[in-house]
Each structure stands twice: as C-alpha cells, then as structure tokens.
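Coordinates in review
Here is what each chain is made of, one letter per residue.
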2 protein chains.
Amino acid sequence: MQLDDLEKGSSPPELPNDGKLRLYSMRFCPYAQRVHLMLDAKKIPYHAIYINLSEKPEWYFEKNPLGKVPALEIPGKEGVTLYESLVLSDYIEEAYSAQQRKLYPTDPFRKAQDRILIERFNGAVISPYYRILFSTDGIPPGAITEFGTGLDIFEKELKARGTPYFGGDKPGMIDYMIWPWCERVDLLKFALGDKYELDKDRFGQLLQWRELMEKDDAVKQSIISTENHTKFLQSRKNGENNYDILANDAKKPRLE
Amino acid sequence: MQLDDLEKGSSPPELPNDGKLRLYSMRFCPYAQRVHLMLDAKKIPYHAIYINLSEKPEWYFEKNPLGKVPALEIPGKEGVTLYESLVLSDYIEEAYSAQQRKLYPTDPFRKAQDRILIERFNGAVISPYYRILFSTDGIPPGAITEFGTGLDIFEKELKARGTPYFGGDKPGMIDYMIWPWCERVDLLKFALGDKYELDKDRFGQLLQWRELMEKDDAVKQSIISTENHTKFLQSRKNGENNYDILANDAKKPRLE
C-alpha cells in the first residue's frame, strides 16, 4: 500500500494491522531511497507513506522530531519511530540478518572499512554534487574538480576489489548506500549543460557498475528516470516542490 | 607508550612489534577522546601517538587521507588505517565483544535508538556549542537557547530511562560518545562569562550523571581539567595551537 504525499492538515494514515513495517518517505529523497533499497534488497514487506516536505503534516513531528524522512515504524513498537538513513539501514541489516543475506562483511575490520567509504562518499561526492546542483551564483570554483576527485576514490576502490560490486558478486551495503546519488549523476547536466557526462576512461569501472546496478531487483523498485528527476528538480528550483510528479505512476515502473 | 606531538618534518614513530593497537590522537580533540574512552573502558592496551594538527607530519596522510584524528592501526593489518570516531567506536565494540562487556544494547531496535541519540547530540548540542565557543562576532542569536534545548533532550531521556547512566547501571555507548563535550561544558564560561553554569533544576539528572562519570575508570584516563582545556582554547584563539600543554604531564594525572 502506498499513501501519497500527505500534507499539512492531513490526518495520520490509517494502515491495516498487518505486521508490516511503515516507511515514511518522499519519492525523490535519496536518503529515503537508501531505506527503500535495504527493504527491497532483503524482500521485507512494508508500507510506504509519502510526506510532503514543504507542507509537513502536523502529526509527522510525532513520528520524527526533526521532521525529516526517512523514518521507520516497526510493528509491535508503535509510538517509537527510528530515523537517520544510515542508522535505519544498519538496523535493517542487524534485525533481519538471520533470514536474509548479509550486506556488510562479517569481519568487523572489513565492515569498518566499508562504513568509512560510506562516510567518505558523503563529504567527497554528495557535498560537491549539491554545491554544483544548487549553486545560485554560478558553479562554486573547484566543485567540479572535487566531485571528480571524490568519484576517483570509488573508481579506484572498485578496481582494487576486483569484483563487479563493492559488495562482491552481489551488491552490498556500500553499493546501496551510494546508489541514490549515482542514479542522479546525469542531473548535473541541469547545471553543467547537456554535454556533461562522466569520462568513460577515467570512470570505466563505475560506469560498468552503474549498468549492472540498474538491473538489480532492489534498484529497479525505486529507480527514477533522469527525465523525472529533472522535472522534480525544476519544480524545486521554481519553489513549487512538486512531490506529486510520480504519484499517479505509483503502480507503473518508474524508469521509462 | 605515549609519543608526543609529532609534527611536520618528523619521521613516523618506531613502535615495538608488541601486538598493541596504535591510536593516532590529539590530547584536546573530543572526537579522538571517544576512542580513548572506548579502549580504556574495554581495557584494550594501545599506543597513543599524538599529532600536531596545525603542522601535520607529511607521513600522516598515509595513515588518514583526510589528515584528521582519531585514526587506528590494528596489529596484523598494517598499511590500512581505520578512522572516523563513531566508526572506530563501533569497530572496537564489535571486534572486542567476546572478551569485554558490551556497551550497546544487544537488541537491534534499542541499539538503533541509542545511535539516533548519539547522532542527535551532534546537531542539537555539539553544533551550537561550537557556534557559541568560536563566534568571533558576538554570540550568534539563538545559539544559547539551542544548546539548552539540545541538552533538554538528554536530561529527559536520562529521566525516562530511570538509570544512573544512559547505558543502565554502567556507562554505555551513549555515555562515552557524548562525554567529551559534557566534560567541556564549563569552557562556555570562556565565551559567556564566569557566571555561566548549567541550571541545577533544569539539568539535575545530567549534573548528577556528570559527577558519576567523572569517577568512571575509563573517563579518569583521559579527563582534562577545565583549567587546562581553557589554556588550550586560549592558545587556539591566539592562533598558537599549543598542543604541548599536557605533554610534560603525560604521566601525571590530568585532573588537578
């Protein structure tokens, strides 16, 4: 069941008492997408409840005092909501480790190395990405170079691991945690012009990885086409924040 | 063995091959202190190597590409260094879970709640704390209120838990992760005047907790007096960054 874009003045959703998890999300939010990917990768059934982040429902602050998505409610633990995308992803990994394949390495040292890379993606890639995309006053000097240098770390790492995915033969935690922004790389055309694309020689491994990831079952559940990402970005730049772009397509595949 | 304040032009330290962990640190860094607390709480022997962060040794970037402390080297895993204070703390918790008492709850849901609180401390307390302390242009409006509101969350949480520590009858992960800034609260006198102190009624639980924490064996290993914290802060404000204030006291208790 997908509940669409609840906003100010709305009532909290009435959901069946069916033991499913409840994920509070926003269709275009890459942080929320991390949790969709985790739940879909582990085939855990859940209700997705989409929140209008410009006009937040009053009741939502009881779910997450910070008013942000993602947030997760667990059956039997009503009244306490978990939030923060990485904490949620780690929670899902730990709470469902017995039934499902593990996404982190079992060895604590290798797990810590993966977590460091996920943290580094934040500063080295996500940060310059947004500085390029949301610059109002021209692209900040150095941001494009910084973005490339950030991706170099991951290109080099994937090459060193010698496997198709960061997680090995199948996507693991790093793959899913960095995916939402990799899905959105072509959005940079919006700021940098239509000719912008990742250098095929410099980012050969990553581009191959991206093609593989697009075919992953979990990724296919939440992937959005660059065209639709661009529509949303445009609405955001106009100050409209049109969260409904995909609402009517909810049952249709999202990637045309 | 404690190696003091290695700086630009220095050689990497030569340490005995004794199977001990190597923690790269800086005496006054609260993030590095988190890892000292973890290692001391779990009674894991280690070498502390102190880095001059204003004049970083060239070789240090091979240890941590970000050039920051803390960083940790594990015997048998030479050449790969772990970093990021929370990743390191979680690593120590997981890698030494068999021999030592656990600092996180075993239940993944309760563990996630603790991790959320640690994340919230970052935005709700640490962030306004630094804005007050390092304001050059008068205290930013709202920062003092925000700092108090941030601490309210932890006061309320400790009351709700009804235990002396966040971790229960003994300090747990939250206690150690938030401690370094709680140790430094009185430093705010530096910015707010000598009369500044936490309201005894509003923060009764936290103040009681602070007294207990000061007596904890792990805390006693790394605690620094407000007087010495202030000396360092003054040197930082003067642009001197005197990392050596405690170097000669290394073997002496740090809290006068």
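Residues numbered from 1 in each chain as written. Chains lettered and ligands numbered in written order. Predicted model: local features only at pLDDT ≥ 70, side-chain atom pairs only at ≥ 80, totals over all residues. Heavy atoms only, no water.

Formally: UniProt positions are given in the numbering used here, feature names are shortened, and annotations may be inferred rather than shown by experiment.
Looking at an unreviewed UniProt entry, one finds chain A named Glutathione S-transferase omega class 1 and attributed to Anopheles stephensi. Taken from UniProt, the Sequence similarities (unreviewed entry) comment for chain A reads in full: "Belongs to the GST superfamily. Omega family."

Considerations on the domain arrangement of chain A
All names here are of chain A. Applied cut-off: What fixes the domain bounds is an automatic or database domain assignment. Buried area, as used here, totals the accessible surface that two parts lose on assembly, with accessibility defined by a 1.4 Å probe and the loss added over both. Salt bridge criterion: a side-chain nitrogen from Lys or Arg within 4 Å of a carboxyl oxygen from Asp or Glu. In protein, a polar contact means a hydrogen-donor-capable atom and an acceptor-capable atom, both N or O and within 3.5 Å, with residues adjacent in sequence counting only if both atoms are side-chain atoms; elsewhere, any N or O pair within 3.5 Å suffices. Each helix is a run of DSSP H or I of at least 4 residues and each strand a run of E of at least 2, with the numbering of both proceeding from the N terminus. Here the nonpolar group is Ala, Val, Leu, Ile, Met, Phe, Trp, Tyr, Cys and Pro; Asp, Glu, Lys and Arg are the charged ones; every other residue, Gly included, is treated as polar.
Examined at the domain level, chain A breaks down into domain 1 (21-101) and domain 2 (108-223). Carbon and sulfur atoms make up 60% of the surface buried where domain 1 meets domain 2, a total of about 1600 Å² over both sides. The tally of links between domain 1 and domain 2 comes to zero salt bridges. Joining domain 1 to domain 2, the criterion identifies six residue pairs in polar contact (both at pLDDT 80 or more). Elements with a contribution of two residues or more to the side of domain 1 that touches domain 2: helix 1 (30-41) and helix 3 (85-95). Element by element, the count of residues in the side of domain 1 that touches domain 2 is highest for helix 1, at nine residues. Residues of the side of domain 1 that touches domain 2, tallied by class, amount to eight nonpolar, three polar and six charged.

Side note on the environment of Gln100(A)
All names here are of chain A. Worth spelling out the cut-off: Under the scheme applied here, a residue whose accessible area is under 20% of the maximum for its type counts as buried, over 50% as exposed, and between as partly exposed, the area being computed with a 1.4 Å probe on protein chains only. It only takes one pair of heavy atoms within 4.5 Å for two residues to be counted as in contact.
Here Gln 100 is to be found in the loop between helix 3 and helix 4 (108-133). Residue Gln 100 is classed as partly exposed on the basis of its relative accessible area, which comes to 26%. Separated by 57 residues in sequence, Gln 100 and Lys 43 have C-alpha atoms that sit 8.3 Å apart. In contact with Gln 100, other than residues within four places in its own chain, are Lys 42 and Lys 43. A distance of 2.8 Å separates a polar side-chain atom of Gln 100 from the backbone oxygen of Lys 42.

Details of the packing of aromatic side chains
All names here are of chain A. Threshold: Under the pairing criterion, centres of Phe, Tyr and Trp rings, with the six-membered ring standing for Trp, must be within 6.5 Å; the plane angle then separates stacked pairs below 30 degrees from edge-to-face pairs above 60, leaving the rest tilted. Two conditions define a charge located above a ring, namely a distance within 6 Å from the ring centre to NZ of Lys or CZ of Arg, and an angle within 35 degrees of the ring normal.
Tallied over the entire structure, the rule returns 28 aromatic pairs over all chains. Relative to Tyr 60, the ring of Tyr 24 has its centre 5.6 Å away and its plane inclined at 55°; by these criteria the two rings are tilted. Highlighted residues: Tyr 24 in strand 2 (residues 21-25) and Tyr 60 in helix 2 (residues 60-63), separated in sequence by 36 residues. Here Tyr 24 matches Tyr 60 in class, with each residue buried. Seen in terms of ring centroids, Tyr 129 and Phe 147 are 6.2 Å apart; in terms of plane orientation they differ by 35°. Their pairing is tilted. Here Phe 147 lies in helix 5 (residues 143-161) and Tyr 129 lies in helix 4, a separation of 18 residues in the sequence. Phe 147 matches Tyr 129 in its accessibility class, with the two residues each being buried. Ring pairs connect the aromatic residues Tyr 31, Phe 121, Phe 154, Phe 166, Trp 179, Trp 181 and Trp 209, which therefore count as one cluster. Geometry around Tyr 50 places Arg 27 over its ring, the cationic atom sitting 4.0 Å from the centre.

Details of the confidence of the model for chain A
All names here are of chain A. Test applied: pLDDT is a residue-level measure of predictor confidence that goes from 0 to 100.
Confidence in the prediction of chain A, expressed as mean pLDDT, is 91, and 95% of residues score 70 or more. In the predicted structure, residues 250-256 sits below a pLDDT of 50 and forms 19 contacts with residues beyond four places in sequence or in another chain. On the interface metric, ipTM, the complex scores 0.91, and its pTM is 0.92.

Remarks on the pairing of strand 3 (residues 46-51) of chain B
All names here are of chain B. Condition: With its strands directed away from the observer, a crossover is right-handed exactly when the path from the first strand over the helix to the second travels clockwise.
Here strand 3 lies mainly inside the structure; six of its six residues are buried. Here strand 3 shows two buried faces, one formed by Tyr 46, Ala 48 and Tyr 50 and the other by His 47, Ile 49 and Ile 51. For the segment spanning strand 2 (residues 21-25), helix 1 (residues 30-41) and strand 3, crossover handedness is right-handed.

Topic: the packing of helix 6 (residues 173-183) of chain A against helix 8 (residues 204-214) of chain A
All names here are of chain A. To keep it simple, the criterion reads: Every angle, taken between N-to-C directions, lies between 0 and 180 degrees, and every axis is a line fitted to C-alpha atoms, over only the stretch in contact when it is a helix. Between 65 and 115 degrees an angle is taken as roughly perpendicular, under 35 as roughly parallel, over 145 as roughly antiparallel, and anywhere else as oblique.
The N-to-C vectors of helix 6 and helix 8 enclose an angle of 100°; their axes lie 11 Å apart at closest approach. Between helix 6 and helix 8, the angle falls in the class roughly perpendicular. Across from Asp 175, Tyr 176, Ile 178, Trp 179 and Cys 182 in helix 6, the residues of helix 8 making contact are Trp 209, Arg 210, Met 213 and Glu 214. Residues that form the contact of helix 6 with helix 8 fall into these classes: six nonpolar, no polar and three charged.

Details of the pattern of salt bridges
One pass over the structure, following the stated rule, counts 27 salt bridges over all chains. Where Glu55(A) meets Lys8(A), a salt bridge forms, and the shortest distance between an N and an O atom there is 3.9 Å. Of this pair, Glu55(A) sits in the loop between strand 3 (46-51) and helix 2 while Lys8(A) sits in the loop between strand 1 (2-6) and strand 2; the two residues are 47 residues apart in sequence, bridging distant segments of the chain. Relative accessible area serves as the criterion here: at 38%, Glu55(A) is assigned to the partly exposed category. Under the relative-accessibility criterion, Lys8(A) is labelled exposed at 51%. Here Lys220(B) makes a salt bridge to Asp217(B), at a shortest N to O gap of 4.0 Å. With a gap of three residues between them, Lys220(B) and Asp217(B) both fall in helix 9 (residues 217-222), about one helical turn apart. Residue Lys220(B) is classed as partly exposed on the basis of its relative accessible area, which comes to 48%. Here the salt bridges do not stand alone but share partners, grouping Asp114(A), Glu157(A) and Arg161(A) into one network.

Considerations on the interface of chain A and chain B
Many descriptions give the size of an interface as the accessible area lost when the pieces come together. Counting residues at the interface gives 24 residues for chain A, matched by 23 residues for chain B. Summed over both sides, the interface between chain A and chain B buries roughly 2300 Å², with carbon and sulfur atoms accounting for 69% of that surface. Among the residues of chain A in contact with chain B, Phe109(A), Arg115(A) and Ile116(A) are the three that bury the most area, contributing 28% of the side total. Joining chain A to chain B, the criterion identifies five salt bridges.

Describing unusual backbone geometry
Residue and element names in this part refer to chain A. The linkage connecting Val 69 with the following residue, Pro 70, adopts the cis geometry, with an omega of 0°. Examined against the element boundaries, Pro 70 turns out to sit in the loop between helix 2 and strand 4 (71-73). Positive phi outside glycine occurs at Glu 84, with the angle close to 85°. Relative to the assigned elements, Glu 84 resides in the loop between strand 5 (81-83) and helix 3.

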